[in-house]
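Descriptive structure summary
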Amino acid sequence: MMNQLTFPPDAPKVIECNASDAFQAWLSQVNGSLAITTYQAGKLALVGWNGQQVTVLLRQFPKPMGLAVQEQRLALATNHEVWLFANAPLLADEYLENQPGRYDTLYLPRATYFTGDLNIHDLAFGSDNLWLVNTRFSCLAALSKDYNFVPRWQPRFISQLAPEDRCHLNGLAMVDGRPKFVTALGESNEVGGWRNNKATGGILIDVESGEIVIRGLSMPHSPCWHERYLWLLNSGEGELWRINPHSGQHDVVCALPGFLRGLCCVGNYALVGLSQIREQHIFGGLPVQQRFKRLLCGVAVVDLRSGQLVGMLEFTAGCQELYDVEFLPSVLRPTILNNERPEMRQAFTAPEFSYWLRPSSQMTG
């Protein structure tokens, strides 16, 4: 059975989704929420549990892509910027004056870095700073107060950092707070050279050694280190892989009916993003299109032990492609503010206290 979810969109395009009973049951027990980006619809979606049902809250951002979570902080890559948010727990309960307690987490914008259009894909918090996958310049990079970015690492076969998307570097897996594995769509040093062999030219690279660990992948995305294994999405085949980092051997955990992008592991489960394929020039002719008659857009919960599909949150209208999926631990009822929300200018936080500065809270003479 699929239960229809209703929620007020904050843009003219209506987005609709269904949550299976099994998805709702899983979310009700996992003590956390989901953050999902869809660059195609221009939305960041927060999927929570209010004690009775699944809730979905949408916020508008220009081309939201990679997400990163670290304790009370959240980072989001958009078209020309990287946003840094921090939770203001003392303000969350009273965010809606007429509905106290509706939210337990309130992510407020704390800083924005103007990067320009780097076509940033994955983000990851490290032990030293925030790492960016700078796809346009084919490198890993850091944010800067003085520059658009600071290059930190590039594949051996990239001879020069230029805004040419030579290999479509996209995914980043961290181990012990440092970059360890990256995915790219091709071993190319030419402008857009990865496009020529997109269906079978994908690679996995060990960042420390610079060696290519696996070749022959189909548009791989979203590598994730979890429980001593590397997990990644062999996206063009619609497959979730588990990889032994020492031998390079892999197991296909499952196949799902979508172009897979966005992976987060939570205990014995994986959250996997599925997308339909709208754009045929880049994404057309992939094996997943022959494998499944119909592709879905949504987030699947997969049991990593058995490969079985546990539950599904499916977007049924207004949203066809996702990019990233992250888990927000110990967060049940989240909300987030963008700079279009007037409440952002009414919230004041300090290390020891927080205030809402609203007409209702101001003293009158």
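Check the entry above for the structure.
Quantities reported herein were computed from a predicted structural model and do not represent experimental measurements.

Details of the overall build of the protein chain
Summing up its helical and strand segments, the protein chain has 4 helices and 29 strands in all. Taken against the 2.2 N^0.38 rule, which gives 21 Å for 365 residues, the C-alpha radius of gyration of the protein chain at 20 Å falls within 12% of a compact globule. For the protein chain, restricting intrachain contacts to residue pairs at least 6 apart in sequence, the fraction spanning at least 24 positions comes to 56%. Per element, the accessible surface of the protein chain, about 16,000 Å² overall, is 47% carbon and sulfur. Counting 29 positive and 34 negative side-chain charges, the protein chain places the averaged centre of each group 3 Å from the other.

A word on the nonpolar core
Generally speaking, a soluble globular protein has its nonpolar side chains buried in company with each other. Counting residues in hydrophobic clusters, the biggest one holds 27 residues, and the most contacted among them are Phe23, Leu27, Leu34, Ile36, Val47 and Leu271. Beyond its immediate stretch of four places on either side in the chain, leucine 27 contacts Gly32, Leu34, Val47, Gly48, Trp49 and Val54. Core analysis: the second largest hydrophobic core is formed by 24 residues, Tyr95, Leu106, Leu108 and Leu337 among them.

Some thoughts on the sheet that holds strand β17 (residues 212–217)
With respect to topology, 4 strands assemble into an open sheet ordered β14-β15-β16-β17, the strand pairing being antiparallel. In the strand order of this sheet, the two ends are held by β14 (169–175) and β17, each with one partner. Averaged over neighbouring strand pairs, the angle between their axes works out to 15° when direction is ignored. As paired elements, β14 and strand β15 (residues 178–184) share 6 bridges and run antiparallel to each other. Considered in β15, the bridge of valine 175 is made with arginine 178.

What about unusual backbone geometry?
Residues other than glycine seldom take positive phi values, yet glutamate 71 does so here, at roughly 50°. If you trace the backbone, glutamate 71 turns up in the loop between β6 (67–70) and β7 (73–77).

Description of the pairing of strand β4 (residues 43–49)
The element β4 is extensively covered by neighbouring structure, given that 7 of its 7 residues are classed as buried. Side chains Lys43, Ala45, Val47 and Trp49 project from β4 onto one buried face, and the interleaved Leu44, Leu46 and Gly48 project onto a second face that is buried too. Relative to β4, strand β3 (residues 32–38) runs antiparallel, the two sharing 5 bridges. Directly across from threonine 38, in β4, lies its bridge partner lysine 43. Connecting β3 to the antiparallel partner β4 that follows it, the hairpin turn spans 4 residues, and glycine 42 within it adopts a positive phi of roughly 65°. Hairpin connection between β4 and strand β5 (residues 54–60): a loop of 4 residues separates the two successive antiparallel strands, and glycine 51 in this loop has a positive phi of roughly 100°.

Describing the pattern of salt bridges
The tally for this structure, following the rule as stated, stands at 15 salt bridges. Between arginine 136 and aspartate 117 there is a salt bridge, with the nearest N and O atoms lying 3.3 Å from each other. Residue arginine 136 is located in the loop between β11 (130–134) and β12 (139–142), and its partner aspartate 117 is located in the loop between β9 (105–114) and β10 (120–125); the two are separated by 19 residues in the primary sequence. On the basis of relative accessibility, which here comes to 26%, the residue arginine 136 falls in the partly exposed class. For arginine 341, the salt bridge identified is with glutamate 343, shortest N-O distance 3.7 Å. If you follow the salt bridges from partner to partner, you end up with Asp128, Arg152 and Arg178 in one network.

What to know about the environment of tryptophan 231
Position of tryptophan 231 relative to the elements: it lies in strand β19 (residues 229–234). Its relative accessible area of 4% is what places tryptophan 231 among the buried residues. Considered as a pair, tryptophan 231 and tryptophan 241 are 10 residues apart in the sequence and their alpha carbons are 5.5 Å apart. Discounting chain neighbours no more than four positions away, the residues touching tryptophan 231 are Ser222, Pro223, Cys224, His226, Trp241, Arg242, Val253, Leu263, Cys265 and Leu304. Separated by 2.9 Å, the side chain of tryptophan 231 and the backbone oxygen of histidine 226 make a polar contact.

Here we look at a nonpolar patch on the surface
Where nonpolar side chains cluster on the molecular surface, the patch consists of Phe348, Phe353, Tyr355 and Leu357 and spans about 440 Å² of accessible area. Relative to the helices and strands, tyrosine 355 is located in strand β29 (residues 354–356). What makes tyrosine 355 exposed here is its relative accessible area of 53%.

The rules behind the values
Residues numbered from 1 in each chain as written. Predicted model: local features only at pLDDT ≥ 70, side-chain atom pairs only at ≥ 80, totals over all residues. Heavy atoms only, no water. Helix = DSSP H or I, 4+ residues; strand = E, 2+ residues; numbered from the N terminus. Rg over C-alpha atoms; globule rule 2.2 N^0.38 Å. Contact = heavy atoms within 4.5 Å. Areas by Shrake-Rupley, 256 points an atom, 1.4 Å probe, with all protein chains shown as cover. Lys, Arg positive; Asp, Glu negative; His and termini not counted. Charge placed at Lys NZ, Arg CZ, Asp CG, Glu CD. Core = buried A, V, L, I, M, F, W, Y, C linked by side-chain atoms within 4.5 Å. Buried < 20%, exposed > 50% of the residue type's maximum accessible area, 1.4 Å probe, protein only. Pairing = 2+ DSSP bridges. Axes fitted to C-alpha atoms, helices over the stretch in contact; angles between N-to-C directions. Salt bridge = Lys/Arg side-chain N within 4 Å of Asp/Glu carboxyl O. Polar contact = N/O pair within 3.5 Å; in protein donor to acceptor, adjacent residues only side chain to side chain. Patch = residues over 30% accessible without salt bridge, like charges linked within 9 Å, V, L, I, M, F, W, Y side chains within 5 Å.

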